[in-house]
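# Coordinates in review
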Amino acid sequence: MHFLPEAIDDYIVEHSAKEPELLAKLNRETNQKVLQPRMLSGHYQGRVLSLLSKMKSPKSILEIGTYTGYSALCLAEGLVEDGLLHTIDINEELVDFQKKYFEASVYKEQIKQYLGDALEIIPTIGEKFDLVFIDADKPNYPAYYEMIIGKMNKGGVILSDNVLWSGKVIETLNEEDESTKMLLKYNELLANDERLETVILPIRDGLTLSRVK
Ligand code: SAH
Ligand code: CA
């Protein structure tokens, strides 16, 4: 969901970095062939992820929720030369699609794909991270956070997507809505965790930027 008026949104996109060609192709093919293409980060948020990653110059990135690989390729743009991005997704139908685009990119040697439940895979990655992008199933955000906080390098950055959940975080809560319930918990958790400095950016569906002290 976009919170800004459409005309302002368009103006922002027109005056922001252009979408690289390979990503525009990935974006189109996702829209043509894959279910729920709205999940893809897209041109504007993708450029935000790219710039944040370039400012951090991470050696090690973890992405939870690859989908068709769009955000992975954006984040990889900031990796140092021998850096590595680990990206996890539970949906095996996406693996070939992701691989095709990773292989076509200049980052093919720097992206490691994992297929499976992130809750099981994260503990097997014996590395510390400079940048983490949390963007998988919303009910598990608090669990992902607990798993990665001990694996962050000092000054590391955690980005969490969809934290405003189309504005549902300020509406009356439906007790059966597990995603909203857990996002509310998650947003509290990050805002009050003294190990972090956190700001929610009103980008697209809400993107939290947290820095580990
Ligand atoms: N980061 C992508 C979009 C991710 S969409 C982009 O910005 O373009 C969310 C993804 O999380 C989906 O592909 C879904 O299959 C995956 N996912 C859901 N539950 C998961 C889990 N338990 N472990 C790993 N991936 C999961
Ligand atoms: Ca997302």
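For the structure, see preceding data.
For the structure given in this document, a descriptive report is provided here. Quick caveat: nothing in here was measured; it's all calculated off a predicted structure.

### A look at the coordination of the calcium ion (ligand 2)
For a metal with four donors in a tetrahedral arrangement, the ideal angle between donors is 109.5 degrees, while six donors in an octahedron ideally sit at 90 or 180 degrees. Binding of the calcium ion (ligand 2) to the protein goes through Asp-135 (OD), Asp-135 (OD), Asp-161 (OD) and Asn-162 (OD1), at separations of 2.3 to 2.8 Å. In terms of primary sequence, the donors binding the calcium ion (ligand 2) are separated according to D-x25-D-N. Within this pair, whereas Asp-135 is found in the loop between strand E4 (129-134) and helix H7 (141-149), its partner Asp-161 is found in strand E5 (residues 152-161), the two being separated by 26 residues in sequence. This pair shows no difference in class: Asp-135 is buried, exactly as Asp-161 is.

### Quick look at the site of ligand 1
Inspection of the region around ligand 1 gives 21 residues, with Ser-41, Gly-65, Ser-71, Asp-89 and Asp-135 positioned closest. Here a nitrogen atom of ligand 1 and a side-chain polar atom of Tyr-144 are 3.2 Å apart.

### Overview of the pattern of salt bridges
Inspection of every chain in the model, using the stated rule, returns 10 salt bridges. The partner of Glu-29 in a salt bridge is Lys-33, with the nearest N and O atoms 2.9 Å apart. On the criterion of helical spacing, the pair formed by Glu-29 and Lys-33 is a turn pair, its members being four residues apart in helix H2 (residues 21-33). Here Lys-54 ties to Glu-77 by a salt bridge, and the two come within 3.3 Å at their closest N and O atoms. With Lys-54 in helix H3 (residues 42-56) and Glu-77 in the loop between helix H4 (70-76) and strand E2 (84-89), this pair connects stretches of sequence that are 23 residues apart. Each of the salt bridges in this network shares a partner with another, and the network as a whole consists of Glu-29, Lys-33 and Lys-100.

### Looking at the packing of H2 against helix H5 (residues 95-104)
At a closest axis distance of 11 Å, the pairing of H2 and H5 adopts a crossing angle of 165°. Judged on the interaxial angle alone, H5 and H2 are roughly antiparallel. Between H2 and H5 the crossing geometry is right-handed. Where H2 approaches H5, its residues Leu-22, Lys-25, Leu-26, Glu-29 and Thr-30 are matched on the opposing element by Phe-97, Lys-100, Tyr-101 and Ala-104. Classifying every residue of the contact of H2 with H5 gives five nonpolar, one polar and three charged.

### Describing the nonpolar core
As a rule of thumb, soluble globular proteins bury nonpolar side chains together. Counting residues in hydrophobic clusters, the biggest one holds 29 residues, and the most contacted among them are Leu-26, Leu-73, Leu-75, Leu-85 and Leu-159. The element best represented in this core is H4, accounting for six residues. If we ignore the near neighbours within four places in the chain, the residues touching Leu-73 are Leu-22, Leu-23, Leu-26, Tyr-101, Phe-102, Ser-105, Tyr-107 and Ile-111. Listed in part, the 27 residues of the second largest apolar core include Leu-62, Ile-88, Ala-118 and Ala-136.

### Some details on the pairing of strand E6 (residues 196-201)
For a regular strand, the rule is simple: side chains alternate between the two faces of the sheet. Examined bridge by bridge, E6 and strand E7 (residues 207-212) share six bridges and lie antiparallel to one another. Along E7, the bridge assignment pairs Val-199 with Leu-209. In textbook terms, the turn of a hairpin is the stretch between consecutive antiparallel strands, and for E6 and E7 this stretch comprises five residues, one of which, Arg-204, has a positive phi near 50°.

Conventions used here
Residues numbered from 1 in each chain as written. Chains lettered and ligands numbered in written order. Predicted model: local features only at pLDDT ≥ 70, side-chain atom pairs only at ≥ 80, totals over all residues. Heavy atoms only, no water. Donors = N, O, S within 2.8 Å, 3.2 Å for Na, K, Ca; no water. Helix = DSSP H or I, 4+ residues; strand = E, 2+ residues; numbered from the N terminus. Buried < 20%, exposed > 50% of the residue type's maximum accessible area, 1.4 Å probe, protein only. Near = heavy atom within 4 Å. Polar contact = N/O pair within 3.5 Å; in protein donor to acceptor, adjacent residues only side chain to side chain. Salt bridge = Lys/Arg side-chain N within 4 Å of Asp/Glu carboxyl O. Axes fitted to C-alpha atoms, helices over the stretch in contact; angles between N-to-C directions. Parallel < 35°, antiparallel > 145°, perpendicular 65-115°, else oblique. Left-handed = near helix turned anticlockwise from the far one by under 90°. Contact = heavy atoms within 4.5 Å. Nonpolar A, V, L, I, M, F, W, Y, C, P; charged D, E, K, R; others polar. Core = buried A, V, L, I, M, F, W, Y, C linked by side-chain atoms within 4.5 Å. Pairing = 2+ DSSP bridges.

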